[in-house]
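Architecture at a glance
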Amino acid sequence: MRIAALVTSISIWAACACAARAEEPTPAEPVKTSVTANGLVADFYMPANAHGRLAAIIDIGGSEGGMSPIVAKHARLIAQHGYAVLQLAYFDAPGLPKELGLIPLEYFKGAIDWLRSQPNIDPERIGIEGTSIGGETALVVAAHYPQIKVVVAAVPSSVVWPGISRTNQNPPSTFTLGGKPLPYLPYGWTGPFKSIFALYDDGLKQLAAHEDAVIQVERIKGPVILICGKNDSLWPSCPMSEQVSARLKAKRFKPAVRLLEFEDAGHGCFGPPADPTSPNYPNLGSLGGSPDGNNTARKQDWPASIAFLDAALKH
């Protein structure tokens, strides 16, 4: 019941975030092609009239799974800014695990390898962007694969969590490597169910007993930007973002690190600004903060994330 509530809440948020119509840019539409090589489920966006070898971004969603329309919008907008973008599904799509759990990290390596093999991609300029569990995933992938040169992690996690299952109240780790589950921080099943947020917040209180679940972000081979809303009601994304930033500082991480935290904003704080006249605009605050607070954050963090990618990859 508790995990089912988590899945339902995330699904509602995903639908709301997608329904809040984003402001459309003026550049030409990128060219989209489907990718199935290396067992991938992905769409590849190339800027219109692209020439030369481009920097590329792997764009991944969170627990909504599949080929999320939210991620598709992000991918299209980033491609319009001059990047090749691979929108990558990693569960709940044909040929992939149905539920979020025991996802092989080697699958993401297959996406990296595919990009690096493309003649119009610069293999030394590849980044990754992810939101929510996609932010957790982006940090984990970048920590394991040095081919990733920049990370945009929005409302992310600092640790590996269990997966999310509709049927298993104690799901295994979200990821595997070499066929073995990555260490993870268990949910905080303490006493009567209080909220989804409490599953994560109470879990973090047990972190000292599960140090091996902490993402080794200091292994990342490029700059990292972390974005969160201080009123996130789905999970404690700002405390976890602060943990990532603090670990990088403690480990004397040399690449640039930027932490953007927004008041009156929650789990919907990242993405292209929404249209305030949309009838679904109020849903921007469905997982913390007010609609205007989340949209104010988006007006700042979306261009900031693009500028961060530019600084790392456009040279």
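Keep in mind it's a predicted model, so treat the numbers as computed, not measured.

This next bit is on helix H4 (residues 133–144). An α-helical segment advances 3.6 residues per turn. Residues three or four places apart therefore align on the same side. In this model, H4 (twelve residues) spans 17 Å end to end at C-alpha, consistent with the 16 Å of a helix rising 1.5 Å per residue. Within H4, eleven of the twelve residues are buried, leaving the element largely enclosed by the surrounding structure.

Reading across from one edge, E5-E8-E9 is the order of the three strands in this open sheet, with mixed pairing throughout. Taken across any chain shown, the strands that pair with only one partner, and hence form the sheet edges, are strand E5 (103–104) and strand E9 (180–181). With two bridges joining them, E5 and strand E8 (residues 175–177) adopt parallel strand pairing. Within E8, the residue paired with Ile103 across the bridge is Phe175.

Right, let's talk about the nonpolar core for a bit. Among the nonpolar cores identified, the biggest contains 68 residues, and Ile58, Leu139 and Val151 are the most heavily contacted of them. Apart from the residues within four sequence positions on either side, Leu139 is in contact with Val151, Ala153, Pro156, Ser157, Ile215, Val217, Ile220, Val224, Leu226 and Val244. Of all hydrophobic cores here, the second largest spans 29 residues; its members include Val150, Ile225, Ile227 and Ala265.

A few words now on the pairing of strand E7 (residues 148–154). Counting buried positions over the seven residues of E7 gives six, a clear majority of the element. Where E7 and strand E10 (residues 224–229) come together, four bridges link them in parallel fashion. The residue bridging Ala153 from the neighbouring strand is Leu226, located in E10.

Inspection of every chain in the model, using the stated rule, returns nine aromatic pairs. On the basis of an interplanar angle of 85° and a centroid distance of 5.0 Å, the ring pair of Phe44 and Trp114 is categorised as edge-to-face. Placement of the pair is Phe44 in strand E2 (residues 41–46) and Trp114 in helix H3 (residues 105–117), with a sequence separation of 70 residues. Trp114 carries the same exposure label as Phe44, and that label is buried. Measuring from centroid to centroid gives 5.7 Å for Tyr107 and Phe108, while their planes differ by 80°, and the two rings are edge-to-face. Given a relative accessible area of 2%, Phe108 falls into the buried group. The ring of Tyr83 carries the charged tip of Lys314 above its face, separated from the ring centre by 4.8 Å.

You can see Ser241 is positioned in helix H6 (residues 237–250). Note on Ser241: relative accessible area 0%, which makes it buried. Among all residues touching Ser241, those that are not within four sequence positions of it are Pro156, Leu226, Ile227, Cys228 and Leu259.

Turning to unusual backbone geometry, a few remarks are in order. You will see that Leu102, though not glycine, has its phi angle at about 50°, which is positive. Structurally, Leu102 is set in the loop between strand E4 (84–89) and E5.

Now for the side chain of Asp59. Within the secondary structure, Asp59 is located in strand E3 (residues 54–60). Buried and unpaired, Asp59 has Arg76 as its nearest opposite-charge partner, separated by 10 Å. In contact with Asp59, other than residues within four places in its own chain, are Val71, His74, Ala75, Ile78, Val85, Leu86, Gln87, Leu88 and Glu129.

Rules of the game
- Residues numbered from 1 in each chain as written.
- Predicted model: local features only at pLDDT ≥ 70, side-chain atom pairs only at ≥ 80, totals over all residues.
- Heavy atoms only, no water.
- Helix = DSSP H or I, 4+ residues; strand = E, 2+ residues; numbered from the N terminus.
- Expected span 1.5 Å × (residues − 1).
- Buried < 20%, exposed > 50% of the residue type's maximum accessible area, 1.4 Å probe, protein only.
- Pairing = 2+ DSSP bridges.
- Core = buried A, V, L, I, M, F, W, Y, C linked by side-chain atoms within 4.5 Å.
- Contact = heavy atoms within 4.5 Å.
- Phe/Tyr/Trp six-rings, centres within 6.5 Å; stacked < 30°, edge-to-face > 60°.
- Lys NZ or Arg CZ within 6 Å of the ring centre and 35° of its normal.
- Lys, Arg positive; Asp, Glu negative; His and termini not counted.
- Salt bridge = Lys/Arg side-chain N within 4 Å of Asp/Glu carboxyl O.

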